[in-house]
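# Geometric and topological summary
As a plain string of letters, each chain reads:
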Protein chains: 2
Amino acid sequence: MITSKLFHSLLTKDPLDTYEDSEKYTKDWLPKVEKYRQDLQNAIPKDLTVELPKPIDELISEQFNAVDYLYSAKLLSPKEFEITDTPAYKLVEKMSKGELTAVEVFKAFAHRAIIAQQFTNCAMDIFIDEGLKQAEERDACFKENGKLVGPLHGIPISLKEQMNYRNKITHGGYVSMLDHIPEEHGTTNQVLENLGAVFYIRTTQPQTLMHLDSNNNFTGLTKCPFNLLLSSGGSSSGEGAITAFGGSAIGVGSDIGGSIRAPAAYSGSHGFRPTTRRIAGSGGISSGAGQESVPAVLGPLGRSIDDIEYWMKSYINEGKPWELDAWSLPMKWRDVEKPNPKDLTIGVTYDDGLVRVTPPIRRALNEVVEKLIAAGVKVVEFTPPKAKLAFETVNKMYTCDGNYMQRKFLADSGEPLTKLTKWNLNYGDGAKHYTVKENRELNVIRDNLRTEYTKFLVKNKIDFIISPTYSNVAPHSEEVYNWSYTALYNILDFPTLAFQTGVFQDPNVDKWTEEDLKYKFRSDLEKLENENYKPDEFIGAPVGLQLTGRRYFDEEVIAAGKLIVNDILKVDLYKH
Amino acid sequence: MITSKLFHSLLTKDPLDTYEDSEKYTKDWLPKVEKYRQDLQNAIPKDLTVELPKPIDELISEQFNAVDYLYSAKLLSPKEFEITDTPAYKLVEKMSKGELTAVEVFKAFAHRAIIAQQFTNCAMDIFIDEGLKQAEERDACFKENGKLVGPLHGIPISLKEQMNYRNKITHGGYVSMLDHIPEEHGTTNQVLENLGAVFYIRTTQPQTLMHLDSNNNFTGLTKCPFNLLLSSGGSSSGEGAITAFGGSAIGVGSDIGGSIRAPAAYSGSHGFRPTTRRIAGSGGISSGAGQESVPAVLGPLGRSIDDIEYWMKSYINEGKPWELDAWSLPMKWRDVEKPNPKDLTIGVTYDDGLVRVTPPIRRALNEVVEKLIAAGVKVVEFTPPKAKLAFETVNKMYTCDGNYMQRKFLADSGEPLTKLTKWNLNYGDGAKHYTVKENRELNVIRDNLRTEYTKFLVKNKIDFIISPTYSNVAPHSEEVYNWSYTALYNILDFPTLAFQTGVFQDPNVDKWTEEDLKYKFRSDLEKLENENYKPDEFIGAPVGLQLTGRRYFDEEVIAAGKLIVNDILKVDLYKH
């Protein structure tokens with residue numbers, strides 16, 4: 001456990017604990033929280049559960065690999081495996097030919113989702129009966145009209161809880177929002193429903209949504225399915241876990257500093273943070289309403305890049321979010337050919353100048369580079385310019401309302417603050433209220449960075465950047481402090497795909513070298529993060545990296561992602 | 001002259017005059033201003049000037065129509081008339097066939113520009129020799145390669161002064177910026193230069209850029225070429241005057257509250273405020289750097305909608321501003337067919353609920369509606385919902401840094417404040433510094449308005465909106481107070497084309513009726529604006545209106561604009 005000076009100094013900088021009000025919380029709110037938890041427990045259909053091999057706490061401390069066990073213990077029927085290990089776009093094709101029904105598809109994913117919940121604690125809200133009814137409606141509609149409702153017909157999609165869901169509590173990780181029951185779906189839920197998707201599970205996120213981790217006062221921690229000791233990441237914590245475990249065909253998360261990419265990378269799935277304004281974000285709980293210095297972006301997580309592309313294209317071109325939400329750009333998804341590796345130049349970031357990566361990340365970078373070069377890709381080293389300025393600026397942007405809205409949402413219930421909430425409330429400039437003038441100065445720095453990076457890439461003909469999503473693999477729960485690798489691409493607003501490399505941490509290989517141990521840390525933050533890595537405590541953690549392109553060239557990033565993941569790395573997350 | 005209570009109360013609300021520092025200004029800055037004025041005077045080639053029929057002050061008080069005079073007195077040669085009365089896209093075609101040279105085109109426009117300057121005082125910076133040299137280079141290049149430099153090859157384009165110009169003073173209307181000599185063009189100047197445009201004149205704007213008028217301490221007032229008593233509008237003041245007079249093929253202005261549309265409408269040309277982020281705004285003087293609640297937008301002014309379309313398409317698709325400025329969207333300009341009038345529904349705003357329009361505007365609206373209906377267009381009345389909230393919110397957005405940057409730029413030189421600077425500094429919440437939290441609340445109001453308007457138009461199948469650009473025709477100088485008609489589409493960020501209707505104010509027709517005179521004013525602002533209209537003082541002023549479409553449907557607005565202006569209203573600004 002961390003007892004670093006840095007952490008303590010941040011914790012004690014400002015008397016934020018005064019937002020906690022144990023008496024008010026216990027009296028007015030805890031009963032509601034307990035009911036919420038009980039409702040969640042009751043919503044789990046007993047017939048879909050499995051018997052765990054050991055009590056969950058033992059599995060956690062043993063670093064249990066739930067994905068391995070799912071297959072080795074054959075927790076699903078062959079038919080269920082077949083369905084849930086098929087990409088969504090292929091399931092749609094099968095349903096369009098009548099080879100599968102939406103109900104068959106739904107039942108298989110519902111079963112796998114409930115098992116995911118048992119191992120990883122990924123659910124905030126479960127409604128299997130409603131999902132089944134939706135699936136039945138899709139089938140009835142297909143039977144009647146002979147055609148699908150839309151391109152996501154019958155696809156079981158998991159949703160991060162913060163997105164407004166019609167007639168269901170939507171709290172965004174804040175106890176004080178337990179009474180918030182929206183009458184309408186948020187825009188993205190509505191678009192997906194219009195396209196034929198089926199909803200049945202809403203997933204976990206941390207208190208305040210501002211951790212790359214999962215802890216909250218409703219459901220506690222969510223775990224990495226490949227190693228239950230580790231965090232699934234966050235803030236789309238449940239989405240990382242459920243998509244990596246295969247409990248949904250596609251998941252939807254949101255990302256303001258890494259919140260799609262971290263859980264995808266840590267948990268073992270792929271996740272895409274699109275450029276802003278391609279996917280509608282309106283209608284949901286957020287402490288950042290009206291904040292446009294570094295807006296949150298919604299995006300998909302899943303086990304195939306093809307599915308991510310299919311989702312993006314369907315959502316944009318057929319969902320037309322701009323008719324429901326003027327923030328969204330009517331910018332059609334373009335069909336882009338998979339590039340020829342020989343035409344590609346990729347910049348690779350081995351170190352961002354702020355926090356050194358741990359041995360498994362270093363190994364994955366080297367292995368990926370080796371394969372890229374073997375495939376004919378030109379690889380150059382890319383050290384992000386002004387990374388420190390970018391990171392400091394984005395941190396100020398996160399907190400420049402003095403964390404007013406977070407504090408308000410917290411203070412309204414007096415709920416206990418989790419460890420990382422305290423950390424984050426004190427980060428950046430913490431409680432300092434910026435003036436509009438000061439905020440604008442940050443925006444000017446940001447715009448200059450965006451243009452500087454853009455010109456650099458254009459001038460040097462670098463098509464894409466591959467970099468770590470984090471200095472480490474999935475961390476232990478409540479021990480992820482540094483956002484610098486992911487948040488860089490939030491302040492730049494560059495589309496970024498977190499992808500699995502096929503590399504998993506190996507305690508026998510991924511050790512610090514003698515040389516490593518002589519390293520002089522550049523900051524307390526780096527020391528904190530690096531000292532947290534002990535090879536024996538991260539066994540089998542998947543290693544994800546991220547692929548970045550220029551602003552609004554989302555299509556090119558996905559096309560290159562398909563080349564790299566499918567063809568060059570030959571990673572197939574449906575095979576086990 | 002206005003002595004309204006409202007105006008005085010705004011003027012005295014805050015002791016803003018303390019930013020003036022007569023001693024400092026006179027000692028440190030006035031000599032530089034005088035040199036600047038002298039340089040401008042010296043830059044006018046004597047051989048391009050004409051003899052004015054009377055001293056300019058007399059022409060002004062006589063409400064002289066300089067456009068009429070240009071033609072009746074044959075101030076240009078037939079060849080010069082032929083060239084300067086040809087749309088830019090046709091000039092390019094002729095140059096591509098060798099039927100015209102860039103030098104011929106340039107000389108004709110340079111001549112007409114200098115005459116425009118004599119009558120309207122539209123220039124801030126003149127450099128005919130450099131323009132000629134550029135034109136010669138274009139011709140040499142064409143001769144050598146047999147093809148044009150780009151789609152704007154040899155087109156003389158006038159530029160609002162605020163846009164950074166390489167190695168030339170760029171002050172944006174602030175005396176304190178007289179020492180600002182950028183080393184590089186602003187992005188848009190660079191894009192236009194890359195496309196082959198020729199530069200020779202930079203045009204006037206008011207102090208602070210935040211008037212829909214022209215007064216500044218460098219050059220004073222700019223005048224409407226159809227009635228020299230009236231203002232050319234602003235803040236792209238010189239662009240309105242020069243394009244309406246025909247002194248440039250196309251002009252470039254910027255618009256944060258009406259600053260392209262007001263000068264186009266008042267002066268007698270067309271002007272387009274695109275949706276944000278299609279035309280690059282980076283590199284220029286602005287008090288709003290980093291302000292993104294209601295960003296300024298650059299856009300073209302000219303005498304033909306076809307030219308505006310040609311400019312937009314060339315700029316975006318071949319200029320690729322996103323490679324120079326990451327703020328710009330890589331969103332290609334789409335080819336959109338001119339719509340069939342029978343398929344169109346147009347909402348018409350006769351009154352925005354805030355300031356009643358004057359008789360010439362009312363007449364133009366009625367005549368346009370009559371012609372639209374005759375052409376088969378479905379016309380419905382459109383009263384903008386929540387116009388008051390929108391106007392109050394956008395005013396707060398303009399001033400929510402407490403006007404800090406404007407004050408700083410003014411205080412740095414101590415220059416005298418013009419009447420409308422005082423008005424604008426005191427408008428909205430004047431000197432109140434907003435916190436980030438308060439600014440975000442404004443953004444949420446804005447986003448809700450945008451979505452409400454979007455959903456309303458989609459639901460009611462209203463394709464476009466036609467509305468006044470202002471409650472009046474071109475006002476007397478320093479007497480335009482109300483921005484509500486234009487600023488609505490800035491806060492909504494809807495693309496809007498100001499277009500000429502072919503209607504001109506007629507003092508015998510455009511009188512207040514008996515009924516009008518019984519009208520009970522809804523506000524002091526309305527009273528102030530309406531009482532300013534006296535039929536005999538606005539003789540022959542052109543009447544422009546504006547055509548608005550949904551956010552990012554710029555292409556559709558321009559296509560509909562071509563239908564309405566060219567085919568239905570049959571307005572041809574090249575014919576006189």
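For chain A, the name recorded in an unreviewed UniProt entry is amidase, with Candida verbasci as its organism. The heading Sequence similarities (unreviewed entry) in the UniProt record of chain A holds the text "Belongs to the amidase family."

## Considering the sheet that holds strand S3 (residues 198-203) of chain A
Backbone-to-backbone hydrogen bonds join strands into a sheet, with any given pair of strands oriented parallel or antiparallel. All names here are of chain A. The sheet built from eleven strands is open, its strands ordered S1-S3-S2-S6-S8-S7-S12-S13-S11-S9-S10 with mixed pairing. Since the sheet does not close on itself, it has two edges, and those belong to strand S1 (123-126) and strand S10 (378-381), each with one partner. Here the average twist between neighbouring strands, direction ignored, is 30°. Where helix H7 (residues 102-120) meets the sheet, it contacts S1, strand S2 (156-160) and S3, and its direction lies at approximately 10° from that of S3. Running over the sheet, helix H13 (residues 359-374) touches strand S9 (345-348), S10, strand S11 (464-468), strand S12 (496-504) and strand S13 (542-548) and is turned about 55° from S13.

## Here we look at the UniProt feature "binding site: substrate" (unreviewed entry) in chain A
Residue and element names in this part refer to chain A. UniProt tags Leu209, Ser235, Ile256, Gly257, Gly258 and Ser259 as "binding site: substrate" (unreviewed entry). Across 51 residues, the annotated set stays spatially compact, with a maximum C-alpha separation of 11.1 Å. Of note, Ser235 is situated in the loop between strand S5 (227-231) and helix H10 (237-245). In this structure Ser235 touches Lys160, Thr204, Gln205, Pro206, Leu209, His211, Leu212, Asp213, Ser254 and Ser259, once residues within four positions along its chain are discounted. In this structure the side chain of Ser235 is engaged in a polar contact, spanning 2.6 Å, whose partner is the side chain of Lys160.

## A short note on the environment of Ile256 of chain B
Residue and element names in this part refer to chain B. Here Ile256 is to be found in the loop between strand S6 (250-255) and helix H11 (261-267). The exposure class assigned to Ile256 is buried, which follows from its relative accessible area of 14%. Separated by 128 residues in sequence, Ile256 and Ile128 place their C-alpha atoms 30 Å apart. Apart from residues no more than four positions distant in its own chain, Ile256 is found in contact with Met210, Gln291, Val294, Pro295, Ala296, Tyr398 and Asn490.

## Brief notes about the relation of the copies chain B and chain A
The transformation that overlays chain B on chain A combines an axial shift of 0.0 Å with a rotation of 180°, and the residual RMSD is 0.0 Å. The relationship between the two copies is best expressed as a two-fold rotation axis. Across chain B, the smallest distance between a C-alpha and the rotation axis is recorded for Thr435 of chain B, namely 2.2 Å. In this assembly the copies share their binding face: 100% of the residues contributing to the interface of chain B also contribute to that of chain A.

## Observations regarding the packing of aromatic side chains
In this description, an aromatic ring pair is defined by two values, namely the gap between the centres and the angle between the planes. Taken as a whole, this structure holds 46 aromatic pairs over all chains when the rule is applied. An angle of 40° between the planes, with centres 6.3 Å apart, marks the rings of Phe119 of chain A and Phe245 of chain A as tilted. On the criterion of sequence distance, the pair formed by Phe119 of chain A in helix H7 and Phe245 of chain A in helix H10 is long-range, its members being 126 residues apart. The residues Phe119 of chain A and Phe245 of chain A share a single accessibility class, namely buried. Ring pairing ties together the aromatic residues Phe64, Tyr69, Phe119 and Phe245 of chain A, which thus form one cluster. The positively charged end of Lys168 of chain A is found above the aromatic ring belonging to Phe127 of chain A, 4.1 Å away from the centroid. When the ring centre of Tyr519 of chain B is taken as origin, the NZ or CZ atom of Arg356 of chain B, which lies over that ring, is 4.0 Å away.

## A few points about the interface of chain B and chain A
Facing the 38 residues of chain B at the interface are 38 residues of chain A. A buried area of about 3,500 Å², summed over both sides, lies between chain B and chain A, and 56% of it is on carbon and sulfur atoms. Scanning the region where chain B abuts chain A turns up four salt bridges. Note that Glu292 of chain A is salt-bridged to Arg446 of chain B, the shortest N-O span being 2.9 Å. Broken down by element, the residue count for the side of chain B that touches chain A peaks at twelve residues, all from helix H17 (residues 436-459) of chain B. Along the lines of polarity and charge, the residues of the side of chain B that touches chain A split into 17 nonpolar, nine polar and twelve charged.

## Re the sheet that holds strand S7 (residues 270-273) of chain B
Residue and element names in this part refer to chain B. On the basis of which strands lie adjacent, the open sheet formed by eleven strands has the order S1-S3-S2-S6-S8-S7-S12-S13-S11-S9-S10 and mixed pairing. Edge positions in the open sheet fall to strand S1 (123-126) and strand S10 (378-381), since each of these has one partner strand only. Across the sheet, the mean angle from the axis of one strand to that of its neighbour is 30°, orientation sign disregarded. Of the strand pairs in this sheet, strand S11 (residues 464-468) and strand S13 (residues 542-548) are connected by four bridges, and their pairing is antiparallel. Of the residues in S13, the one forming a bridge with Ser467 is Gln546.

## Regarding empty space enclosed by the protein
Per the stated rule, a full pass over the model turns up nine cavities of 30 Å³ or more. Looking at the largest cavity, its volume works out to about 160 Å³. As for the largest cavity, its lining consists of 18 residues, of which Asn439 and Asn443 of chain A together with Glu292, Asn439 and Asn443 of chain B are closest to the centre. Within the residue set of the lining of the largest cavity, elements represented by two or more residues are helix H17 (436-459) of chain A together with H17 of chain B. By residue class, the composition of the lining of the largest cavity is four nonpolar, ten polar and four charged.

## Remarks on the side chain of Ser232 of chain A
Residues and elements named next belong to chain A. Here Ser232 shows up in the loop between S5 and H10. Within polar-contact distance, the side chain of Ser232 engages the backbone oxygen of Ser237 at 3.0 Å. Ignoring anything within four residues of it in the chain, the contact list for Ser232 reads Thr222, Lys223, Cys224, Ser237, Ala241, Ala262, Pro263, Tyr266 and Ser267.

Scoring rules and cut-offs
Residues numbered from 1 in each chain as written. Chains lettered and ligands numbered in written order. Predicted model: local features only at pLDDT ≥ 70, side-chain atom pairs only at ≥ 80, totals over all residues. Heavy atoms only, no water. UniProt positions renumbered as here; feature names shortened; annotations may be inferred. Pairing = 2+ DSSP bridges. Helix = DSSP H or I, 4+ residues; strand = E, 2+ residues; numbered from the N terminus. Axes fitted to C-alpha atoms, helices over the stretch in contact; angles between N-to-C directions. Contact = heavy atoms within 4.5 Å. Polar contact = N/O pair within 3.5 Å; in protein donor to acceptor, adjacent residues only side chain to side chain. Buried < 20%, exposed > 50% of the residue type's maximum accessible area, 1.4 Å probe, protein only. Least-squares fit on C-alpha atoms with pLDDT ≥ 70 in both. Phe/Tyr/Trp six-rings, centres within 6.5 Å; stacked < 30°, edge-to-face > 60°. Lys NZ or Arg CZ within 6 Å of the ring centre and 35° of its normal. Buried area = accessible area lost by both parts, 1.4 Å probe. Salt bridge = Lys/Arg side-chain N within 4 Å of Asp/Glu carboxyl O. Nonpolar A, V, L, I, M, F, W, Y, C, P; charged D, E, K, R; others polar. 1 Å grid on protein atoms, 1.4 Å probe; cavity = no way out; pocket = protein on both sides within 12 Å on 5 of 7 lines; lining within 4 Å. Points joined across faces, edges and corners; volume = space filled by probe spheres on them.

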